[in-house]
Amino acid sequence: MSDDSIKDTLRLMPYGFYSITSHHGDDLNAMVANWVIQSSFEPRQITLGLQKTSFSHSLIQASKVFAVNLFYKADVESMKPFTKSRAKNPDKMKDADYTLSAQIGCPILDGAAAYLECRVVGNLDAGGDHELFVGEVVGAAVLKPGTVIDTITLLDLGWSYAG
């Protein structure tokens, strides 16, 4: 433990690990994120927290769409090319294998176990370094059989993005 009890406590919260894909015009991007949660049953909505300086933030802000790609632990290698920012890896989509989703045209990455297609219906900028986007789920598919226990989390990677 550190001298920062808030940080220590936030790091105890479990987080999923997803690839968020987005597009605007000819620009496509994929990034990894863990601040994703279902936030409404009716209509079905997902809330996504994105760093304001990320390339995906600008694409989603402009296009008002994003997809959440879910991966199983066995397929973690499929996600690794998207862990570096666009600034560090500007050509990451050049060699990426994907198909465009039917409803919103976002990349669905090869190796994904399932995906959700979302249209932004709201956002909240509360003054921090991240902004929340609320997306109504307009499409989805399960691409590989499995259960929630198979889905990759930050804990599985030994990573932390909290505090």
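A quick note: this is a predicted structure, and the numbers were derived from the prediction, not measured.

Asker: Summarise the pairing of strand β5 (residues 65-70); cite the residues concerned and give the values.
Answerer: Burial within β5 is extensive, with 5 of its 6 residues counted as buried. For β5 and strand β8 (residues 114-124), the ladder comprises 6 bridges, and the chain directions are antiparallel. Paired with Val 65 across the strands is Arg 119, a residue of β8.

Asker: Quick one: what's the story with the layout of surface pockets, residue by residue and with numbers?
Answerer: What the largest pocket holds in volume is close to 570 Å³. Around the largest pocket, the lining comprises 27 residues; the ones closest to its centre are Met 31, Val 32, Gln 51, Thr 83 and Tyr 161. Looking at the lining of the largest pocket, the elements that each hand over two or more residues are β2 (27-33), β4 (45-51) and α2 (55-63). The element that contributes the greatest number of residues to the lining of the largest pocket is β2, accounting for 4 residues. Taken together, the residues that form the lining of the largest pocket break down as 12 nonpolar, 11 polar and 4 charged. The volume enclosed by the second largest pocket comes to roughly 350 Å³. Along the wall of the second largest pocket there are 22 residues; nearest its centre are Tyr 18, Leu 70, Ala 114, Val 148 and Thr 151.

Asker: Could you give an account of the nonpolar core, naming the residues involved and the relevant values?
Answerer: Ranked by size, the top nonpolar core spans 16 residues in total, and within it Phe 17, Phe 71, Met 79, Phe 82, Met 93 and Ile 152 carry the most contacts. Those elements that place two or more of their residues in this core are β2 and α3 (76-79). Discounting residues that sit within four places of it in the chain, Met 79 has contacts with Phe 17, Tyr 18, Ser 19, Val 32, Phe 71 and Ile 152. In this structure, Ile 60, Phe 66, Cys 118 and Val 120 belong to the second largest nonpolar core, which totals 14 residues.

Asker: Outline the environment of Gly 122, supporting the account with residue identities and numerical values.
Answerer: Within the secondary structure, Gly 122 is located in strand β8. Classification of Gly 122 as partly exposed rests on a relative accessible area of 22%. With 48 residues separating them in the primary sequence, Gly 122 and Ala 74 have C-alpha atoms 34 Å apart. Excluding residues within four positions of it along the chain, Gly 122 makes contact with Leu 132, Phe 133 and Val 134.

Asker: Outline the pattern of salt bridges, supporting the account with residue identities and numerical values.
Answerer: A full pass over the atoms with the stated rule returns 4 salt bridges. For Asp 75, the salt bridge identified is with Lys 144, shortest N-O distance 2.8 Å. Separated by 69 residues along the polypeptide, Asp 75 in the loop between β5 and α3 and Lys 144 in the loop between β9 (130-142) and α4 (154-157) bring together distant segments of the chain. Judged by relative accessible area, which is 18%, Asp 75 ranks as buried.

What counts, and where the lines are drawn
- Residues numbered from 1 in each chain as written.
- Predicted model: local features only at pLDDT ≥ 70, side-chain atom pairs only at ≥ 80, totals over all residues.
- Heavy atoms only, no water.
- Buried < 20%, exposed > 50% of the residue type's maximum accessible area, 1.4 Å probe, protein only.
- Helix = DSSP H or I, 4+ residues; strand = E, 2+ residues; numbered from the N terminus.
- Pairing = 2+ DSSP bridges.
- 1 Å grid on protein atoms, 1.4 Å probe; cavity = no way out; pocket = protein on both sides within 12 Å on 5 of 7 lines; lining within 4 Å.
- Points joined across faces, edges and corners; volume = space filled by probe spheres on them.
- Nonpolar A, V, L, I, M, F, W, Y, C, P; charged D, E, K, R; others polar.
- Core = buried A, V, L, I, M, F, W, Y, C linked by side-chain atoms within 4.5 Å.
- Contact = heavy atoms within 4.5 Å.
- Salt bridge = Lys/Arg side-chain N within 4 Å of Asp/Glu carboxyl O.

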